[in-house]
Amino acid sequence: MNSLKSRITLLVGICLLLLLAAQTLGLRIIPAALVQDYVATRLEHDADTLYARLLDDTDPVNVFARTVGIIYETPLSGHYFRIDTGETVLRSRSLWDEDLSIERLPSGEQLINRLPGPAGQSLLVYSRGYQVRGAPVTISVAEDVSAMERTVARLERQLLAVMLLGIGLVLFLQFLIVRHALRPVDAAVQACRKLEAGGSAPMTARAPREIEPLVDAVNRLIRHHGLRLERTRRALGNVSHALKTPLAVLTQVTDELEERGDRAAADALRPQLKIIRNTIERELHRARLAGRDHPGAGFNARAELEPLVEALNRLYQSRVHIALDIQGETVPVDSEDMLELFGNLLDNACKWARSQVRVTLRQGEGIHAVVEDDGPGVEEADLGHLGQPGMRLDEATPGHGLGLAIVHDVVAQYSGEIRYGRSLELGGLKVEVRIPA
Amino acid sequence: MRVLIVEDDAELGPRLRQRLAREGLAVDLAVNGIDGRHLGETEPYDLIILDLGLPDLPGLDVLAAWRKIGLSMPVLILTARDGWRERVEGLRAGADDYLGKPFHAEELLARVQALLRRGSPVRDMVLRVGAWELDEQRQCLVTESGEETPLTATEYRLLRYFLRHPGQVLSKTRLSEHLYEYESERDSNVLEVYVRRLRDKLGRDLIETRRGQGYVLRLP
C-alpha cells in the first residue's frame, strides 16, 4: 500500500466504519435501556400502589384492582399484575385465565425480568417482596413492550440505512478531495518524467499551499536542469571548436616533421592525433544531437533537403544528379539532427556515385528514407562494418570515415533503424533509415 | 597561381602559407575579415581559403560580399564549425568546397589543386608541353623516357600558369599578379628573364611575344 491516495482512503474508510459500528451498537443498547428504565419505573409505582391498597384493605382483588387503573381490568390489555400472598394468588382481570410463572421473593427484594405473555406478548415484569401484616407477599406488575420494541427496531434500521448512505457519500467525497489535492503531485511527476527524457516543461498547475513548495522546487529543478544542459552543450561545443584549430596546427607540424625526414616522430604522433580528432569530432556531433524531446518546429524534409541538394550540387559540381522524392507531413523531430543525418548520407552517396543518387522519403508516422546511388556499392561481407567509427572502406576518398558513424548516432538517438544493402535499380549502395514517430 | 588565405589563427595561417608556397603557389595571408575582404576584392586570386570564425567580420559575410560584386574565384571554406547546417549555408553563399578542421595537409592540397584546375581554362590532371610532362609533385619537366629537366620555383610557377591558360594573351602585369605575393617586388623586367629561360629549355616558338600586349603560349 504505497499509494498516498489509497492510504488516505483506507484510513478515512476505517475510521468511518468504526464510527458506524459504535453508533450501531449504541442504537441497539440505548433505546432498549431507555424503554426498560421508563417502563420499570412506572411498574414500580403501580406495585407500590397495590402494596398500599393491600395494607389499607383486605377487600377482594377487584376492589383495589379498580383503584390501580381500568387498564388492569381490560382482558389482554398488555398490563397485568399478580399478588402472591403465599396462600392465594390474586391476578388482575386483564390476565383472564392466564398466569405468570413468578417465583416468590423474600421481603424487600425486587426483580425485573422478561417473560413471554399471553397472545404472544413480550412482557417486562417487575416483582417485589413485601411484608403485609406479618405475611410475605410478592407483587408483580407486567407490561407488554413488544410494540415499543418494534418501533425502536424500525427506528434503528432507518438510522442505520441513512448512516450507511452517509458513509458511502463521505468516502466518495474524500476520494474526490484526495484526488484533487494530489493533482499537483501528479503534474510534478509528469514534469519530472519529461525532464528525465530530456524535455523541459515548467509546471503551470495551481497547487495547494502545502504542495506549492514542491511544485516550486520541481520548477526550479527543471529550469536548472535546462540551463545546465544548455551550458554543458555550449561548453562541449566550445571546447571542441577551440581544440580543432590547434589540432590542425599539430597535424601540419607532423606532416612537416615527416617531410624533414623524421618519420619515426611523425608515425608516433599520427595515431594519437587521429584518436583526438575522432573523439572531438564524434563527441561534438553527439553534443549537438538534441534527441526526440527538442522537436522545435519539426523537420520539414522538403524545406531542408532542397537546400542541402543545392549545396551538394555545388560541392560536386553537379557531377551527380540527386533525385528527391518526398511525400508526407512535417515530423516533430529536431531538424538539425535530421540535416546531420541526411547531409552525411547524401554526401556519402555523392562521393561514391557515378552520376545518380536517389532519395525516397516518406513522412508521417515517423520517417522512412531510402538513399541509393549508382556507385560500386559495398560487398556483402563488408556491410556489417559500415558506420563503425574510423572505419573506411576506401582510404582514397576524402573524409574521416565518421559520416556514417554520425548517422548511426542520430539513428540510435531516435531509437531508429538503419539497414544497408544493394540498390536493385541503381546497382550501388542502398541505405534504408527508419525513424519511428 | 595566386592564393589568399584568410585565417586568424597565428599558428595555422603562416604554416598553411608556407605549405602552399612549397607547392609553387603565390600565397597571401590575411588575419582578419576586413583585410581579407579587401584583398579578395582588389587582387586577382585564383583561389581563396576562408576561415568562417573570424574575429571582426564573419567569414560568410566576407564571402557574400565578394559574390555580391560579381567575384567568382573559387573559395574553399576552412572551419571548425562543420555541421551540415553551416556547410549548406556556406555552399549556398557561394563557397565551392568545405573542409572541417582539423584536416590533413594532403586533403587540403588535393582540394586546392582540384579547385585551381576547376578555375582554369585547361582542367587536365596532367599538364603536357611538347614532349614533356609537368611533374607538379617535384616541380620539374619529365619526358616519356624519364629524362628530367629541372625548373626553378619561378620558372615552374610561370610555366604552370602558361599551361593552364594556353592560347591566351597574358600581359606582364597579369602574369606578375598571379605569380607573386602581394608584398613582393614586382619588376616586369624580371619576367622577361624567366620567359627567356623557359624558351631556352622548351624551344623558341613555344612562347610568343605580342609587342605591347604580353605573351601567348602556343601549343602545337
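For the structure itself, consult the block above.
S.K.: Give a detailed account of the pairing of strand β7 (residues 132-135) of chain B, specifying residues and quantitative values.
M.R.: Residue and element names in this part refer to chain B. One ladder, built from three bridges, connects strand β6 (residues 127-129) with β7; its direction is antiparallel. Among the inter-strand pairings, Leu 127 is bridged to a residue of β7, identified as Leu 134. If you look at the hairpin formed by β6 and β7, you'll find two residues sitting between the two strands, and Gly 130 has a positive phi there, around 60°. Relative to strand β8 (residues 140-143), β7 runs antiparallel, the two being bridged by four bridges. By the bridge assignment, Asp 135 is partnered in β8 with Cys 140. Joining the antiparallel neighbours β7 and β8 is a turn of four residues, in which Gln 139 adopts a positive phi near 55°.

S.K.: I'd like a description of the sheet that holds strand β3 (residues 47-51) of chain B, backed by residues and values.
M.R.: Residues and elements named next belong to chain B. In space, the five strands of this open sheet follow the order β2-β1-β3-β4-β5, with parallel pairing throughout. The sheet is open, and its two edges are formed by β2 (26-30) and β5 (97-100), each paired on a single side. Ignoring strand direction, the axes of neighbouring strands in this sheet form an average angle of 20°. As judged from the five bridges shared by strand β1 (residues 2-6) and β2, these two strands associate in the parallel manner. Its bridge partner lying in β2, Val 3 is registered against Val 27. The sheet contacts of helix α5 (residues 105-118) involve β3, β4 (75-79) and β5, and relative to β5 the element is tilted by about 170°.

S.K.: I'd love a proper account of unusual backbone geometry, names of residues and values included.
M.R.: Put simply, Lys 101 of chain B and Pro 102 of chain B share a cis peptide bond, and its omega is -10°. Within the secondary structure, Pro 102 of chain B is located in the loop between β5 and α5. The phi dihedral of Leu 76 of chain A falls on the positive side, at around 50°, and the residue is not glycine. Note that Leu 76 of chain A resides in the loop between α2 (61-68) and β1 (79-84). Positive phi, close to 50°, is recorded for Arg 133 of chain A, a residue that is not glycine. Tracing the backbone shows Arg 133 of chain A in the loop between β4 (122-132) and β5 (135-144).

The rules we used
Residues numbered from 1 in each chain as written. Chains lettered and ligands numbered in written order. Predicted model: local features only at pLDDT ≥ 70, side-chain atom pairs only at ≥ 80, totals over all residues. Pairing = 2+ DSSP bridges. Helix = DSSP H or I, 4+ residues; strand = E, 2+ residues; numbered from the N terminus. Axes fitted to C-alpha atoms, helices over the stretch in contact; angles between N-to-C directions. Contact = placed C-beta atoms within 7 Å.

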